[in-house]
Amino acid sequence: MKRGLIAATAVAGMLVSVAACGSSDGGKTGADGFKGQKLTVWVMSGSNPEQWTKQVSEEFKKKTGATVEFKVQQWNGIQQKLSTALSEDTPPDVVEIGNTQTAAYAKAGALADLGDLKKEIGADWNDAFNKASIVDGKQYALPWYAGNRVVMYNKKIWAKAGIKGIPKTRSELFKDFDTIKKKTDAEPLYLPGQNWYFFDGLTIGTGADLVKKQGGKWVSNLGDPKVSKAMDIYKQYQSFSTAPKNKDEATPQQAEVFAKGRTGAVIAMGYEAATAVKTNPDIKQDIGFFTIPGETADKPEGVFLGGSNFAVAGMGKNQELAKEFLKVALSKENDGQMVKEVGWTPKSPDLAGAAKENPAAAAAAPAAQKSGGTTPLIPQWAAVENVPNPIKNYMTAVLNGKSPADAAKDIESEINTRLAKQ
């Protein structure tokens with residue numbers, strides 16, 4: 001889910017025709033014609049849960065006779081490492097790529113076209129999930145998982161405050177936060193000032209576009225009144241929190257803060273519950289989830305669908321075997337396992353049953369279907385989110401009293417400079 005700028009020097013060698021890539025799969029017949037081969041799959045730290053990995057590995061070997069080696073990568077520095085790897089003669093066969101990074105790698109010619117495979121195994125996937133895999137009308141990746149934020153709350157604290165129902169609107173949620181503040185000694189909400197992913201969702205909910213075309217170039221649209229409205233909503237949420245205004249949700253890990261049992265709620269991904277329980281096992285019985293309510297009961301708060309795609313290296317020598325792996329890894333059974341095991345949002349209606357087995361996934365599903373979206377799906381966007389992320393600075397400035405319009409003016413030149421990089 002982390003994103004970064006793809007280095008032009010590292011991808012120069014990628015600009016080759018996928019059709020010209022020699023494949024050692026030539027001459028194989030049938031899915032079971034790969035006995036003795038090994039497929040290399042790069043996944044990011046924390047992405048492949050234990051049971052999913054076990055059953056995919058076993059099913060892949062049974063189906064093809066080949067083995068799969070999952071090589072776990074760290075997010076820090078991954079864009080440069082992946083860019084280099086994909087430009088070499090022996091790249092990893094299958095790679096996990098953040099959904100907003102995919103366009104950059106596809107534009108560089110680094111990924112194989114998977115259009116036929118998508119038709120075979122993903123005809124019913126939610127368009128919002130699949131959108132990030134399409135570049136210039138072609139399918140250059142397949143959605144592996146995605147998730148959106150929910151309210152993870154402490155049921156004991158809410159009960160102590162006398163709150164019995166789940167809020168259905170934003171105003172009801174704020175009223176509940178106010179009740180917790182008045183009737184308990186707990187902090188109603190822990191929300192750091194730079195929870196960029198939550199703000200991302202709020203901009204989606206207001207219908208805002210973070211970039212626009214001007215003179216044939218992409219430029220910042222942060223000064224749009226709709227973005228200002230999103231930031232005003234964020235400011236209302238953050239007013240119930242004493243968290244630092246200049247930190248993000250990972251500094252410190254908000255789930256570890258929640259685990260102390262002194263926080264009414266956090267705006268979290270479902271997998272953060274496991275972090276809280278690891279920190280404090282006793283908190284497990286107190287954790288609950290519900291959909292982030294929006295302005296009206298019929299439409300949840302806007303959410304960012306953050307996640308990852310699987311892609312096949314354009315210069316890979318085992319593309320047919322790689323496609324067999326994707327058929328297994330992205331089957332309904334194994335997609336359902338990801339939902340149950342981690343709490344990812346279902347990407348097709350058939351996975352609704354799996355979501356019922358994971359409270360976080362069940363809470364995430366309504367917003368994903370009605371209010372989900374992504375950041376701009378253009379190659380240049382990855383550069384905007386490089387550290388230091390200028391939009392995080394914008395958020396802190398507004399929370400510290402600057403108007404959204406003035407804060408936008410302060411950083412738009414930096415955003416435009418990043419968008420101009422090719």
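Preceding this section is the structure that the text describes.
Owing to the predicted nature of the structure, the values given are computational and were not obtained by experimental measurement.

In space, the five strands of this open sheet follow the order 2-1-3-13-6, with mixed pairing throughout. At either end of the open sheet lies a strand with only one pairing partner, and these are strand 2 (67-73) and strand 6 (142-147). Across the sheet, the mean angle separating the axes of adjacent strands is 20° when strand polarity is ignored. The pairing of strand 1 (residues 38-44) with strand 3 (residues 94-98) spans two bridges and is classified as parallel. When the bridges of strand 3 are listed, valine 41 appears paired with valine 94. The sheet strands contacting helix 13 (residues 319-329) are strand 1, strand 2, strand 3, strand 6 and strand 13 (306-312), and the helix crosses strand 13 at an angle near 145°.

Strand direction decides the pairing type here: strand 8 (residues 211-214) and strand 9 (residues 217-220), joined by four bridges, are antiparallel. Its bridge partner being in strand 9, valine 211 is matched across the sheet by serine 220. Between strand 8 and strand 9, which follow one another and run antiparallel, lie two residues, and glycine 215 among them has a positive phi close to 60°.

This part takes up the packing of helix 2 (residues 50-64) against helix 14 (residues 332-342). In the contact formed by helix 2 and helix 14, the axes pass within 9 Å of each other and the chain directions differ by 165°. Classified by the angle between their axes, helix 2 and helix 14 sit roughly antiparallel to one another. When you trace helix 2 past helix 14, the crossing you get is right-handed. For the pair helix 2 and helix 14, the contacting residues are Glu50, Gln51, Trp52, Gln55, Val56 and Glu59 in the first and Glu333, Asn334, Gln337, Met338 and Glu341 in the second. Tallied by class, residues from the contact of helix 2 with helix 14 come to three nonpolar, four polar and four charged.

The buried fraction of strand 1 amounts to six of the seven residues, a majority that puts the element mostly inside the structure. Pairing geometry for strand 1 and strand 2, over seven bridges, is parallel. Within strand 2, the position partnered with lysine 38 by the bridge is threonine 67. In terms of handedness, the path from strand 1 via helix 2 over to strand 2 forms a crossover that is right-handed.

Moving on to helix 12 (residues 272-279). Every buried residue of helix 12 is accounted for by Glu272, Ala273 and Ala276. Projected onto a plane normal to the axis of helix 12, the buried residues spread over an arc of 105° and lie on a single side. Exposed side chains of helix 12 directed beyond 90 degrees from the buried face belong to Ala274 and Lys278.

A word on the environment of aspartate 176. Structurally, the position occupied by aspartate 176 is in helix 8 (residues 170-183). Its relative accessible area of 13% is what places aspartate 176 among the buried residues. Setting aside anything within four residues of it in sequence, one finds aspartate 176 in contact with Trp158, Ile163 and Pro167.

This part covers the pattern of salt bridges. Taken as a whole, this structure holds 18 salt bridges when the rule is applied. Glutamate 58 is the partner of lysine 54 in a salt bridge, and the nearest nitrogen-oxygen pair spans 3.1 Å. Linking lysine 54 with glutamate 58, this pair stays in helix 2, spanning four residues, or about one helical turn. Overall, the relative accessible area of 45% leaves lysine 54 in the partly exposed class. Overall, glutamate 58 belongs to the partly exposed group, its relative accessible area being 47%.

Time to look at the side chain of serine 228. Along the chain, serine 228 falls in helix 10 (residues 225-238). Ignoring sequence-local partners within four residues, the contact set of serine 228 consists of Tyr394, Pro404 and Ala405.

Cut-off values and rules
- Residues numbered from 1 in each chain as written.
- Predicted model: local features only at pLDDT ≥ 70, side-chain atom pairs only at ≥ 80, totals over all residues.
- Heavy atoms only, no water.
- Pairing = 2+ DSSP bridges.
- Helix = DSSP H or I, 4+ residues; strand = E, 2+ residues; numbered from the N terminus.
- Axes fitted to C-alpha atoms, helices over the stretch in contact; angles between N-to-C directions.
- Contact = heavy atoms within 4.5 Å.
- Parallel < 35°, antiparallel > 145°, perpendicular 65-115°, else oblique.
- Left-handed = near helix turned anticlockwise from the far one by under 90°.
- Nonpolar A, V, L, I, M, F, W, Y, C, P; charged D, E, K, R; others polar.
- Buried < 20%, exposed > 50% of the residue type's maximum accessible area, 1.4 Å probe, protein only.
- Right-handed = clockwise from strand over helix to strand, strands pointing away.
- Arc of directions from axis to C-beta.
- Salt bridge = Lys/Arg side-chain N within 4 Å of Asp/Glu carboxyl O.

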